[in-house]
Amino acid sequence: MCNTLIPAAYQGPADDASALEGRPRKEFPPAPEPLPVPVMDNHTHLDFPDGKAPVGIKAALDAAAAVGVQGAVQVGCDLESSRFTVEAVDTDSRLLGAVALHPNDAPRYAARGGLEAALEEIERLAAHPRIRAIGETGLDYFRTEGDGLAHQEYSFRRHIDIAKRLDLTLQIHDRDAHSDVVRVLREEGAPERVVFHCFSGDEELARTCNEAGWWMSFAGTLTFRNAANLRSALAIADPRLLLVETDAPFLTPHPHRGKPNASYMVPHTVRAMAELTGSDLAGLCAGISENTVRAYGSWM
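Residues numbered from 1 in each chain as written. Predicted model: local features only at pLDDT ≥ 70, side-chain atom pairs only at ≥ 80, totals over all residues. Heavy atoms only, no water.

Caption draft 1: The overall build of the chain, seen in detail. Each helix and strand counted, the chain has eleven helices and eight strands in total. By principal-axis analysis of the C-alpha atoms, the chain measures approximately 50 × 45 × 40 Å. Taken over 300 residues, the chain has a buried fraction of 56%. Taking the intrachain contacts of the chain between residues at least 6 apart in sequence as the baseline, contacts between residues at least 24 apart amount to 75%. When the accessible area of the chain is evaluated, it comes to approximately 12600 Å², of which 52% is carbon and sulfur surface. Looking at charge distribution, the chain has the averaged site of its 29 positive side-chain charges lying 2 Å from that of its 42 negative ones. (Helix = DSSP H or I, 4+ residues; strand = E, 2+ residues; numbered from the N terminus. Buried < 20%, exposed > 50% of the residue type's maximum accessible area, 1.4 Å probe, protein only. Contact = heavy atoms within 4.5 Å. Areas by Shrake-Rupley, 256 points an atom, 1.4 Å probe, with all protein chains shown as cover. Lys, Arg positive; Asp, Glu negative; His and termini not counted. Charge placed at Lys NZ, Arg CZ, Asp CG, Glu CD.)

Here is the structure:
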């Protein structure tokens, strides 16, 4: 980590909302050394506040651009955040969007009798030209169990169908469900472009992605000490299928794990990817940028 100061956008006193939420806000980490070639953060949640200072979209993207992160994909995970995403992508040309019902939210909509209506609204929101992906969707066996799993899988299948009919990229949320995620993708017929957001698999899943041409998006979890499976997967991943993300404000990379995350922290993960693969940093950045545009289209 260099001595670059934390971006001004992330400085400020605690706001009143933090007290209402019943948890203390934490300081954002200092900015890392800028990357030699710009990349994009292909998964962030700008509507999830964290840190002591509330940060606007422009300020967040300015802070990212200062360290070589030239764009981001804002990701919705319920109706409220998907609506936010559609509004957000019109505010700054450095932002593209993804909309969906998170797999852990699908059973909640089903329990209220609102799953079908919610899926219909997701499809309407996805018609916006700067919405380039359906996601995050998939399966999560860590937080959902019992009857909720059937609703989760049904929702996943419906999202796959929407992505295919609208020719959008599919952003996968896969937690403790690798084999079933792959099974459903194969049964439904995967969209042309599939991204495993916050790739959490091992060498076996990486080989599956290599064979299918599915992108693997690595997050700050790659830098965690207990992430040997991710490092093994990265070692055999096709470089043409590598992406990078933050999943901000979650999964802050080492050495700042436990602090709020943001798109300006991407360089930590990219440098870890370069070190682990023995890649030239500038070449890896250029490859990631090209891969991201192939996955989502141009930001221009």
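Caption draft 2: Seen up close, the packing of helix H8 (residues 203-212) against helix H9 (residues 228-236). At a minimum axis distance of 8 Å, the contact between H8 and H9 shows a crossing angle of 30 degrees. The angle between H8 and H9 places the two elements in the roughly parallel class. The handedness of the crossing between H8 and H9 is right-handed. When H8 is examined against H9, the residues Glu 203, Ala 206, Arg 207 and Asn 210 are found in contact with a partner set consisting of Ser 232, Ala 233 and Ile 236. (Axes fitted to C-alpha atoms, helices over the stretch in contact; angles between N-to-C directions. Parallel < 35°, antiparallel > 145°, perpendicular 65-115°, else oblique. Left-handed = near helix turned anticlockwise from the far one by under 90°.)

Caption draft 3: Layout of the environment of Arg 271. If you trace the backbone, Arg 271 turns up in helix H10 (residues 266-277). Measuring from C-alpha to C-alpha, the distance between Arg 271 and Glu 33 comes to 10.0 Å, with 238 residues separating the pair along the chain.

Caption draft 4: Main features of the packing of aromatic side chains. Under the defined criterion, the tally for this structure stands at three aromatic pairs. Taking 5.4 Å as the distance between ring centres and 45 degrees as the angle between the ring planes, the aromatic pair formed by Phe 199 and Phe 218 counts as tilted. Highlighted residues: Phe 199 in the loop between strand S6 (194-196) and H8 and Phe 218 in strand S7 (residues 215-218), separated in sequence by 19 residues. The class for Phe 199 is buried, based on a relative accessible area of 1%. Here the basic side chain of Arg 112 rests over the ring of Tyr 109, its NZ or CZ set 4.8 Å away from the ring centre. A cation sits over an aromatic face here: Arg 175 above Phe 142, 3.7 Å from the ring centre. (Phe/Tyr/Trp six-rings, centres within 6.5 Å; stacked < 30°, edge-to-face > 60°. Lys NZ or Arg CZ within 6 Å of the ring centre and 35° of its normal.)

Caption draft 5: Inspection of the sheet that holds strand S5 (residues 169-175) at higher detail. With parallel pairing, the eight strands of this open sheet are ordered in space as S1-S2-S3-S4-S5-S6-S7-S8. In the strand order of this sheet, the two ends are held by strand S1 (39-44) and strand S8 (242-244), each with one partner. For this sheet the average axis-to-axis angle between neighbouring strands, irrespective of direction, equals 30 degrees. Relative to S7, H8 is tilted by about 135 degrees, and along the sheet it contacts S5, S6 and S7. Contacting S1, strand S2 (69-75), strand S3 (95-99), strand S4 (131-140), S5, S6, S7 and S8, helix H11 (residues 281-296) runs over the sheet at an angle of about 90 degrees to S8. (Pairing = 2+ DSSP bridges.)

Caption draft 6: Main features of the nonpolar core. Core analysis: the largest hydrophobic core is formed by 79 residues, its most contacted members being Leu 185, Phe 196 and Phe 199. Those residues in contact with Leu 185 that sit more than four places away from it in its chain are Phe 156, Ile 160, Leu 170, Ile 172, Ala 190, Val 194, Phe 196 and Trp 214. In terms of nonpolar packing, the next biggest core, distinct from the first, is built from five residues, Ile 57, Leu 61, Ala 72 and Ala 88 among them. (Core = buried A, V, L, I, M, F, W, Y, C linked by side-chain atoms within 4.5 Å.)

Caption draft 7: Highlighting the pairing of S3. With five of five residues buried, S3 lies mostly within the body of the structure. Of the two faces of S3, both are covered, the one formed by Leu 95, Gly 97 and Val 99 as well as the one formed by Leu 96 and Ala 98. Sheet analysis places S2 next to S3, joined by four bridges and oriented parallel. When the bridges of S3 are listed, Val 73 appears paired with Leu 96. Pairing of S3 with S4, which is carried by three bridges, proceeds in the parallel orientation. When the bridges of S4 are listed, Ala 98 appears paired with Ala 133.

Caption draft 8: Summary view of the pattern of salt bridges. Counting across every chain of the model gives 18 salt bridges. The partner of Asp 62 in a salt bridge is Arg 94, and the shortest N-O contact between them spans 2.9 Å. Taken as a pair, Asp 62 in helix H2 (residues 57-65) and Arg 94 in the loop between helix H3 (79-88) and S3 lie far apart in primary sequence, 32 residues in all. In this structure, the salt-bridge partner of Arg 94 is Asp 92, at a minimum N-O distance of 2.8 Å. Asp 92 carries the same exposure label as Arg 94, and that label is buried. Sharing partners across several salt bridges, the network here consists of Glu 153, Arg 157, Asp 180, Arg 183, Glu 187 and Glu 188. (Salt bridge = Lys/Arg side-chain N within 4 Å of Asp/Glu carboxyl O.)

Caption draft 9: Here's a closer look at the side chain of His 159. Topologically, His 159 is positioned in helix H6 (residues 148-166). Judged by its relative accessible area of 0%, His 159 falls in the buried class. In this structure the side chain of His 159 is engaged in a polar contact, spanning 3.0 Å, whose partner is the backbone nitrogen of Leu 101. With sequence-adjacent residues up to four places away left out, His 159 is seen in contact with Ala 100, Leu 101, Leu 119, Ile 122, Ile 134, Thr 137 and Leu 170. (Polar contact = N/O pair within 3.5 Å; in protein donor to acceptor, adjacent residues only side chain to side chain.)

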